[in-house]
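Letter by letter, the chains look like this.
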Amino acid sequence: FGSLQERFGEENAGHVLAFLERWKQHYTRAAYISLGFEGEEQFAQITREMAAVNDWGFELLQGDASLLRSALSGEWTDEQLFVLPPGHRSAATGDDRLLTAVPVDAEVAPPVLAEGDVVLESAPGGGPAGGIGLGIDAGGTYTDAVIYDLTERRLLAKAKSLTTYHDLVEGIRGALSQLPPEQLARVEVTSLSTTLATNAIVEGRGHKVGLLVLAPWDWFAESIGHQPYIRVPGSVNSEGEVVEPLDEGACRVAIDQLLGEERCAALVIAGYGVLRNPEQANRLRELVAERHPEVPVICSHEVSRRLNGLRGAQTAVANARLLPIIRHLLDSVHQALVEFRVPGKLMVVKGDGTPVDEGLARARPVETILSGPAASVSGARILTGLDDALVMDIGGTTTDCAIIRDGHVAVSPDGARVGDWVMSVDVVEMCTVGLGGDSRIDFNRERELTVGPSRNLPFCALASQYDSVAAFLRGFDERYFKSAPDASALDVLALGSPTTLALAPDERALMELLAEGPRSVLELARVLEVSHHKFLPIGRLEACGAVKRGALTPTDLLHVSGRFTRWDVEAARRALEVFSAMLERPAPDVLRDALDLVTRRLFEEALRREVSSEDRRLPDLPEDWRFLLDRGFRGRGEGLGVRLSLSRPIVALGAPAGVLAPPLADHLEAKVIVPEDADVANAIGAIGTEVVVREEVVIQPGQLANYVLYATEERLEFSELSRATERAVEIARAQARRSALEAGAHAPEVTITRSDRGGTLAAGERIFLERRVVAVASGSAFGARGNGGTAPSGAPGG
């Protein structure tokens, strides 16, 4: 301690010493191995004293020194020892021998490692999908529904309804009511894509969840991002070897504390290395079931297959939170399907764009995050048949961009990022930006126009529903707001979703006023006697969706230009006039420049997605590129003209795509395709995609055994790579087929591939590092009749 104190100071020396001594806390016993040599008693005594000081148990074990004696006497067999003669060096063999002796100057043949994916076997399935399906996409602005004939690949009917945030099923009912009843009666499968899981995670809704952590050290609350949690004694290392036995007594105390004192409604079990050996996690789950069989328990190794303990914990916590939310949604959807006499089974789209049976969605709702954007990619392929394209889904709230390459869309290697959490589930790799038909149009103090990222209600839509909004726009005297710093004085507030927040008196007063109908921020400030409309108590209410803001949006501009006229054109025109007067610019100029800015934002998003797909180190367009991007958008300059091009076409989807996407072709050398029925592509993608599951088994060199196999529920050791591979194929095949059937596939096809990863030593030898055996099972959800629209298994009455 003295030397550490001299170098680092007393306090820091204490921390350093505590860290150096920390290894001792992971041991419970000390053992001395006796080999029968003289004088061993003193060393055994030292071991015994060390055990006493550290409060460990002591054991004296009998060893065998025959191998050492053989080596010293020169009496051994080739199977016992590896001999390195003079003038030779060791070399990796890549097989069960591990090492061989070769002359120093000899060439060593590298081990046989697969280059790329090698198909090991492929078992055909039940053939292509066929039948009548109902696809539903509950998006940020609209809820779309389609009836699709998968046999003829033909759209039979489609409908759109405004999404109802307070109850998504109301929007679904609104869309179903517009579809022909005789066609709904022919439906065999309904598939739903929804933003519900994503929004619930962002808003922090759902069960109160307790976290039980198995790790060789304490996790920090700020790292997990979740409380309450308790670390219980028990852990494995990164190879899946037990380094601390499970203390079942301490586990029972922790379980009772989380469910009793903390009143948690669900528990999550996560930890370091549990993916490599889930034995302790599974036993801990059994302990919960023994005492509280009614409590839902989620193990991180079952919902996350990526080697990151913290993200696995976050994924499992999010999954547990979502259990009651997804259950309520699916129960409500079933009621709507029964109401409209829709038969067949119900599927839910995952974040990778593939559907799963509702039973799995109920158990693992976290996998449904970002399902809407993923469904759009599937819809693009179905509508265009293209194997290479940049898909741009322009919605009311966001624009999502993904790339289809060789008929496939990449899955994000980092998982899904929602808010501050990154969850280890498979989602389509895409870029998302707050830009859509309902994006807020505003200006700043420099008199520059801005679009997004916040979403507002278009004036044209509000005025078509509320006469008071149209009257407000007609009576607005813009003369008093010339030279305003922004356009916020023009805003209107309306009620949104119900809230469970404990409201302050001023918040409650505002909500009561809005219950009578939308009000302008100027009127609300006057009635509530607030000195300025920007001081209204709406921050929390907007954040949770209880209050919505109406403003000028691209949808209003499209009404003014005549390119989209669903709602009140006169209200949109008047809103643009007032906005332009506040900006002190002619309305036609503002109309042109604002729509031009939307095109510029779409132009940059297309380039951003292409750049990031080619170089992951560039997730955003560098600021140094700004000059060339400006020239590229304009296509001309005083001395330098720039024309940017894309080798693949842009497929634009979404309700505004038909009018917002085509102008891209004037600024970017690329083919812009807006397919027929692009406005309901997400719903088509939801029903038109096959069930696909992927199971992976990893084989790596072991420390004691030659090879260690890691599967979902198994950790096995082998002396031969070939035997380990055979077993990996068996496990992956069985698990993939079982998972595909559970997910709702009918007669799935199973393809198994293997890929190897090797390394190169300084002398050039190739060594084996890892083998991955992957089984992909795919099949149509059609072919087996579902529950006929009745309550599902696990639902009330099911």
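Everything below is about the structure shown above.
Everything numeric here is computed off the predicted structure, so don't read it as measured data.

Enquirer: Describe the pattern of salt bridges, with residues and values.
Expert: One pass over the structure, following the stated rule, counts 55 salt bridges. Measuring nitrogen to oxygen at the nearest pair gives 2.5 Å for the salt bridge that ties E516 to R519. E669 serves as the salt-bridge partner of R643, at 4.0 Å between the closest nitrogen and oxygen. With R643 in the loop between α23 (626–634) and β30 (650–653) and E669 in the loop between α24 (657–660) and β31 (672–673), the pair connects residues that are 26 residues apart, well separated along the chain. Overall, the relative accessible area of 44% leaves R643 in the partly exposed class. One salt-bridge network, held together by shared partners, links E248, R252, R283, E286 and E290.

Enquirer: Hey, could you go over the pairing of strand β36 (residues 766–780) for me, with residue numbers and the actual values?
Expert: As paired strands, strand β32 (residues 691–701) and β36 are joined by nine bridges and run antiparallel to one another. Bridging across to β36, V698 finds its partner in R772. The turn joining strand β35 (residues 746–760) and β36, which pair antiparallel and follow one another in sequence, is formed by five residues; a positive phi near 105° is taken by G764.

Enquirer: How would you explain a nonpolar patch on the surface if you had to name every residue and give the values?
Expert: Nonpolar side chains collect at one region of the surface, where L17, F19 and L20 lie side by side and expose about 300 Å² of accessible area between them. Tracing the backbone through its elements, the reader meets L17 in helix α2 (residues 10–20).

Enquirer: Any chance you could break down the sheet that holds strand β14 (residues 266–271) for me, citing the residues and the numbers?
Expert: Taken together, four strands build an open sheet; the order of strands is β11-β10-β14-β15 and the sheet is parallel. Across the chains shown, the open sheet's two edge strands, defined by having one partner strand only, are β11 (229–231) and β15 (297–299). In this sheet, adjacent strand axes meet at a mean angle of 20° when their direction is disregarded. Bridge analysis of β14 against β15 gives three bridges, and the strand direction is parallel. The residue of β15 that forms the bridge with L267 is V297. Running at roughly 160° to strand β10 (residues 209–214), helix α9 (residues 248–261) makes contact with β10, β11 and β14 of the sheet.

Rules used throughout
Residues numbered from 1 in each chain as written. Predicted model: local features only at pLDDT ≥ 70, side-chain atom pairs only at ≥ 80, totals over all residues. Heavy atoms only, no water. Salt bridge = Lys/Arg side-chain N within 4 Å of Asp/Glu carboxyl O. Helix = DSSP H or I, 4+ residues; strand = E, 2+ residues; numbered from the N terminus. Buried < 20%, exposed > 50% of the residue type's maximum accessible area, 1.4 Å probe, protein only. Pairing = 2+ DSSP bridges. Patch = residues over 30% accessible without salt bridge, like charges linked within 9 Å, V, L, I, M, F, W, Y side chains within 5 Å. Areas by Shrake-Rupley, 256 points an atom, 1.4 Å probe, with all protein chains shown as cover. Axes fitted to C-alpha atoms, helices over the stretch in contact; angles between N-to-C directions. Contact = heavy atoms within 4.5 Å.

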